[in-house]
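Summary of the model geometry
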Amino acid sequence: MAEAHNLQDLQHQAALASKVYVQRDYNSGTICRFQTKFPSELESRVDRQQFEETMQTLNNLYAEAEKIGGKSYLEGCLACMTAYTIFLCMETHYEKVLKKIARFIKEQNEKIYAPLGLLLTDPIERGLRVVEITIFEDRSISSGR
Amino acid sequence: MLQLGVAEPMRECEYSQISTRSSTPMETPYKKRTPKKRKWQAFPGRNKFYCNGRIMMARQTGVFYLTLVLILITSGLFFTFDCPFLSVQLTPAIPVIGGVLFVFVLGTLFRTSFSDPGVLPRATPDEAADLERQIDVANGSSSGYRPPPRTKEVVINGQTVKLKYCFTCKIFRPPRASHCSLCDNCVERFDHHCPWVGNCVGKRNYRFFYMFILSLSFLTIFIFAFVITHVILRSHRQGFLNALKDTPASVLEVVVCFFSVWSIVGLSGFHTYLISSNQTTNEDIKGSWSSKRGKDNYNPYSHGNIFTNCCAALCGPLPPSLIDRRGFVQSDTPQPTPPTNGITMYGSTQSQSHMAAATPLMQSEPVILTDEASLPGRTSLGGPCSGALPLGGQPTPPTSTPNLSCDNGMLPTRNDHSEAHHHFLTPEEAPSPPGMLPCGSPLGHSHTIQGFYNPASQDSLHEDSVRGLVKLSSV
C-alpha cells in the first residue's frame, strides 16, 4: 500500500495529457480532408490563425496525394501493365506524399506546437480518421518517469 | 485478486507485469521481457494473416481454394491436351495468348484476395470516448440501454448523406464505407464480401477484382471457344465420337466453361455498369442513388461522364493500407491478460460483488479517483501506463491490458459511489453519465483483446459495448 501512495505522487507529478480530436470533413465527398474549425480546447494554447493554417496545409497535401490527373493515370496504367510489380521498386505517389506529410507534421511539432505544450499526431497513425492533438500540462516537475 | 482488482488500479497500470507475470521493476522496459509483436497479431477483426502479415484474407477461405482449383485444372487441361493440337493446326499464338490471360487471371486473383480491401482501423479508446462525449452532448443525457441510433448528416455535392456510427469500430463511418459482418471490419468504399476470392472487395482492391473477373471472362470464353474448335477439327477427321474419345479432357473443360461463362460474364457486365456510374454493389442493391427514390436523387460521387468514372476507378491513385499490418505493436505494457479474465471483467457483472467489497480501500483515497476521474477517456486510464512511454510517443495501444485491470477497479466504484464521485469530477466530466467514460476506454481495450484471443465472442462484445454506453449500475 505504501507503494501505491508513491505511485499517486508520481502520477500527480507526471504531465497531464488530454486529447482533442479534429474529425474528418466529408462535405467534399470521400476525399481526405479535416475540419478546419478551431477546437475550443485550444483557445488558450495556440493562435487560431496558426492552427487553421496548419490544417489547411495538411488538407492541401492530402488533396495532392489523392489528385486524379494525368500523372496518376500514367502511374496507374504503368502499374497495371507491369502487373503492379513496379511497386516493388517504386513508391506510389500517395506514399510519397504521405512521407511529405509526416515531415510536415514533425516540423510543425518541433517549431510551433511542442513549445506550446501540444503535440500533433500524424493522421495516418489514426487511420486517417482524426487529427489527434495531445495537450500536455505539467503539474509539477516531472520526476522523469 | 480482490486487492489487485480494485485496491491498486494504478498499481496495476504501472506494475501490471507484476500481477500477471513475474515481478519486474517499473524501470525495466517491458520490451526486453516480451517479444515484439506485430500489429497483425493483435488485429481485432476476423481476418487471417499469412506470411507474417503480408497476406490478409477473410476467415472462410474454402471457396477461394475452389476457385483456384477450378481455374488451375481447367487451364491445365487446356494447355496439356488442347494446345498441342491447336498450335500445330492453327497457330502457336493460341497457347501464348492463353498463357498471358492465365497469368493475368492468377495475378489479379491473388492481388484481390491477399490485399487489404481498405479496412478502417478501429478507434483508439481515447477517440471513442471523445466521440461518445460529443454524441451525448448532442443528444442530451441518454438514459436507457440503447441510445438512439447515431447518425450524422453531411451534404456532399448537393446530396444529403447519412453517416452512421459503427458500434463495433466506434467510429462514424465515412461515406460509402460499410461494416462487413463476416470480417468484422469497417471497409472503405465497401462493395461486397466475395467468398470466391476469400476477401472483402473495397476501395483498395476493387480494381483488381474487376480486372480479375474481366480477364477470367476472356479466359473462359477463350478456352471455351478453342476447345470447341479443337473438337470440331478433330471430328472432321475422325468423326465426333472418336474425337471425344481422343480428348476426354475437352468435355470437362467445356462443361466448366459453359457454366462459368454465364455467371462470370454477367458479373463483369454488372461491374462495368457499376464502374461507369461510380456506384458500389452495396449502393446499387440498396438503390441509394436510384431515381425511384426521388426526382432529385442522384449519385454525388459520380464524376459526370463514363470515361472519367472508369479512369478514376481503375487508374486512380491507389491509397495505402490504413492498418499497418507489419508494424510492431508499440507496447511498453505487457501481454494482455488471458482471455477468461478479459471476458469476465466486462461480460459479467458478478465480479462487481467482490469489487464492491474492495471499494472501501478506494474510498479512503479519493484523490486517486480525482485524477482518474478528471481525465476520463483520455490517457488517464492509460495515463500511468503511458507515462512509461516517452511523452509525445504513441498513446496506449489497443492491446494494453493493464488498463483493463485499472478500469475494472474503476467501474464498480463509480457505480457504487457515483454520487460521491460527482464531487470529484471536474466540470468537464459532469455532463457525462458516470461510469460511461471509463467504460469507453476499457471496452476499447477489451474489445481488441477479445478480438485477438477469441473472435467468437464478438457478439457478447458487441452487447458489452452497447451496455458500456450506459450506467453499469443497472446491469
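With an unreviewed UniProt entry as reference, chain B is termed Palmitoyltransferase, source organism Oncorhynchus kisutch. Looking at chain B in UniProt, the text filed under Sequence similarities (unreviewed entry) is "Belongs to the DHHC palmitoyltransferase family."

An unreviewed UniProt entry annotates chain A as Golgin subfamily A member 7 of Oncorhynchus kisutch. As its UniProt record puts it under Sequence similarities (unreviewed entry), chain A is described as follows: "Belongs to the ERF4 family."

1. As for the overall build of chain B
A count of helical and extended segments in chain B gives 19 helices and ten strands. Relative to its full complement of 475 residues, chain B shows a buried share of 58%. Considering only contacts in chain B between residues 6 or more positions apart, those separated by 24 or more positions represent 69%. Just so you have it, chain B exposes about 20000 Å², and 63% of that area is on carbon and sulfur atoms.

2. Looking at the confidence of the model for chain B
Residue and element names in this part refer to chain B. The predicted model of chain B averages 71 in pLDDT, with 60% of residues at 70 or higher. Within the model, pLDDT remains below 50 along residues 332–459, and this stretch shows 260 contacts once partners closer than five positions in the same chain are excluded. Predicted confidence is poor over residues 468–473, with pLDDT under 50, and the contacts of this stretch with residues over four places away or in other chains come to 17 contacts. Scoring the predicted complex yields pTM 0.68 and, for the interface, ipTM 0.82.

3. So, helix α9 (residues 248–276) of chain B
Residues and elements named next belong to chain B. The first and last C-alpha atoms of α9 sit 42 Å apart over 29 residues, in line with the 42 Å expected at 1.5 Å per residue. At Val261, α9 is deflected by roughly 35°, the largest bend along its length. The complete set of buried residues in α9 reads Ala249, Ser250, Glu253, Cys257, Ser260, Val261, Ile264, Ser268, His271, Leu274, Ile275 and Ser276. Those residues of α9 hidden inside the fold are in contact with α4 (62–89), β9 (192–194), α7 (206–238), α10 (281–286) and α11 (306–315). Positive backbone phi, approximately 50°, marks Asn278, located one or two places after α9.

4. Quick word on the packing of α4(B) against α7(B)
All names here are of chain B. At a closest axis distance of 10 Å, the pairing of α4 and α7 adopts a crossing angle of 40°. Here α4 is positioned oblique relative to α7, judged by the angle of their axes. Note that α4 runs across α7; the crossing there is left-handed. Residues Thr67, Ile71, Thr74, Ser75, Phe78, Phe81, Asp82, Phe85, Leu86 and Gln89 of α4 lie in contact with α7, whose contacting residues are Phe212, Leu216, Leu219, Phe222, Ile223, Phe226, Val227, His230, Leu233, Arg234 and Arg237. Partitioned by chemical class, the residues of the contact of α4 with α7 number 13 nonpolar, five polar and three charged.

5. Some words on α4(B)
All names here are of chain B. Over its 28 residues, α4 extends 39 Å from the first C-alpha to the last, a length consistent with the 40 Å expected when each residue adds 1.5 Å. Of all bends in α4, the biggest is about 50°, found at Asp82, and the proline Pro84 comes one to four residues later. Of the residues making up α4, those classed as buried are Phe64, Thr67, Leu68, Ile71, Thr74, Ser75, Leu77, Phe78, Asp82, Cys83, Phe85 and Leu86. Buried positions along α4 lie against β2 (55–58), α5 (93–114), α7 and α9.

6. Quick notes on the packing of aromatic side chains
Residues and elements named next belong to chain B. Under the criterion given, the structure shown has 17 aromatic pairs over all chains. Note on Phe78 and Phe222: the rings are 6.1 Å apart at their centroids and 70° apart in plane angle, and the pair reads as edge-to-face. Here Phe78 is found in helix α4, whereas its partner Phe222 is found in helix α7, with 144 residues between them in sequence. You'll find Phe78 and Phe222 in the same group, each marked buried. Here the aromatic cluster, defined as three or more aromatic residues joined through ring pairs, consists of Phe78, Phe79, Phe102, Phe222 and Phe226. One cation-aromatic arrangement involves Lys152 over Phe172; the distance from NZ or CZ to the ring centre is 4.6 Å.

7. Quick look at the packing of helix α2 (residues 48–65) of chain A against helix α4 (residues 93–113) of chain A
The relative placement of two packed helices comes down to the angle between their axes together with the axis-to-axis distance. All names here are of chain A. Contact pair α2 / α4: the axes reach a minimum separation of 9 Å and the direction vectors enclose 170°. As far as their axial angle goes, α4 and α2 are roughly antiparallel. Only His93, Tyr94, Val97, Leu98, Lys100, Ile101, Phe104, Ile105, Gln108, Ile112 and Tyr113 of α4 make contact with α2, whose side of the interface consists of Gln50, Phe51, Thr54, Thr57, Leu58, Leu61, Tyr62, Glu64 and Ala65. Within the contact of α2 with α4, the residues separate by chemical class into 13 nonpolar, five polar and two charged.

8. Regarding the nonpolar core
If you look at the biggest cluster of nonpolar residues, it comprises 35 residues, and the most contacted ones within it are Phe51(A) and Ile133(A). Contributions of two or more residues to this core are made by β1 (16–23), α2, α4, β2 (118–121) and β3 (130–137) of chain A. For this core, the element with the highest residue contribution is α4(A), accounting for seven residues. Apart from residues no more than four positions distant in its own chain, Ile133(A) is found in contact with Ser18(A), Lys19(A), Val20(A), Val22(A), Leu42(A), Phe51(A), Leu118(A), Leu119(A) and Leu120(A). If you look at the next biggest cluster of nonpolar residues, it comprises 32 residues, including Val197(B), Tyr206(B), Val227(B) and Ile264(B).

9. Examining the sheet that holds β2(A)
Sheet strands pair by backbone hydrogen bonding; their relative direction is either parallel or antiparallel. All names here are of chain A. Strand order in the open sheet formed by three strands is β1-β3-β2, with antiparallel pairing between adjacent strands. At either end of the open sheet lies a strand with only one pairing partner, and these are β1 and β2. Each strand of the sheet is rotated relative to its neighbour by a mean of 20°, with strand direction disregarded. Both β2 and β3 contribute to a ladder of four bridges, which runs antiparallel. The partner of Leu120 across the bridge, within β3, is Ile133. Its contacts with the sheet place α2 against β1, β2 and β3, and it is angled at close to 150° to β3.

10. Observations regarding the pattern of salt bridges
Residue and element names in this part refer to chain A. Following the criterion strictly, the structure yields 16 salt bridges over all chains and no others. The closest approach of N and O atoms between Glu43 and Arg48, which form a salt bridge, is 3.5 Å. Taking relative accessible area as the criterion, Glu43 reaches 48% and is therefore assigned partly exposed. Two residues, Glu107 and Lys111, come together in a salt bridge whose shortest N-O distance is 3.0 Å. Of the two residues, Glu107 and Lys111 are both situated in helix α4; the distance of four residues between them amounts to about one turn of the helix. Residue classification places Glu107 among the partly exposed residues on the basis of a relative accessible area of 33%. The class for Lys111 is exposed, based on a relative accessible area of 59%.

11. Describing the sheet that holds strand β4 (residues 151–156) of chain B
Residue and element names in this part refer to chain B. Strands sit in the order β4-β5-β6 across an open sheet of three strands; the sheet is antiparallel. Sheet topology places β4 and β6 (171–172) at the edges, where each strand pairs with a single neighbour. Where β4 and strand β5 (residues 159–166) come together, six bridges link them in antiparallel fashion. When the sheet's bridge partners are listed, Glu153 is paired in β5 with Lys162.

Quick notes on the rules
- Residues numbered from 1 in each chain as written.
- Chains lettered and ligands numbered in written order.
- Predicted model: local features only at pLDDT ≥ 70, side-chain atom pairs only at ≥ 80, totals over all residues.
- Heavy atoms only, no water.
- UniProt positions renumbered as here; feature names shortened; annotations may be inferred.
- Helix = DSSP H or I, 4+ residues; strand = E, 2+ residues; numbered from the N terminus.
- Buried < 20%, exposed > 50% of the residue type's maximum accessible area, 1.4 Å probe, protein only.
- Contact = heavy atoms within 4.5 Å.
- Areas by Shrake-Rupley, 256 points an atom, 1.4 Å probe, with all protein chains shown as cover.
- pLDDT = per-residue confidence, 0-100.
- Expected span 1.5 Å × (residues − 1).
- Bend = angle between axes of the 7 residues up to and from the residue.
- Axes fitted to C-alpha atoms, helices over the stretch in contact; angles between N-to-C directions.
- Parallel < 35°, antiparallel > 145°, perpendicular 65-115°, else oblique.
- Left-handed = near helix turned anticlockwise from the far one by under 90°.
- Nonpolar A, V, L, I, M, F, W, Y, C, P; charged D, E, K, R; others polar.
- Phe/Tyr/Trp six-rings, centres within 6.5 Å; stacked < 30°, edge-to-face > 60°.
- Lys NZ or Arg CZ within 6 Å of the ring centre and 35° of its normal.
- Core = buried A, V, L, I, M, F, W, Y, C linked by side-chain atoms within 4.5 Å.
- Pairing = 2+ DSSP bridges.
- Salt bridge = Lys/Arg side-chain N within 4 Å of Asp/Glu carboxyl O.

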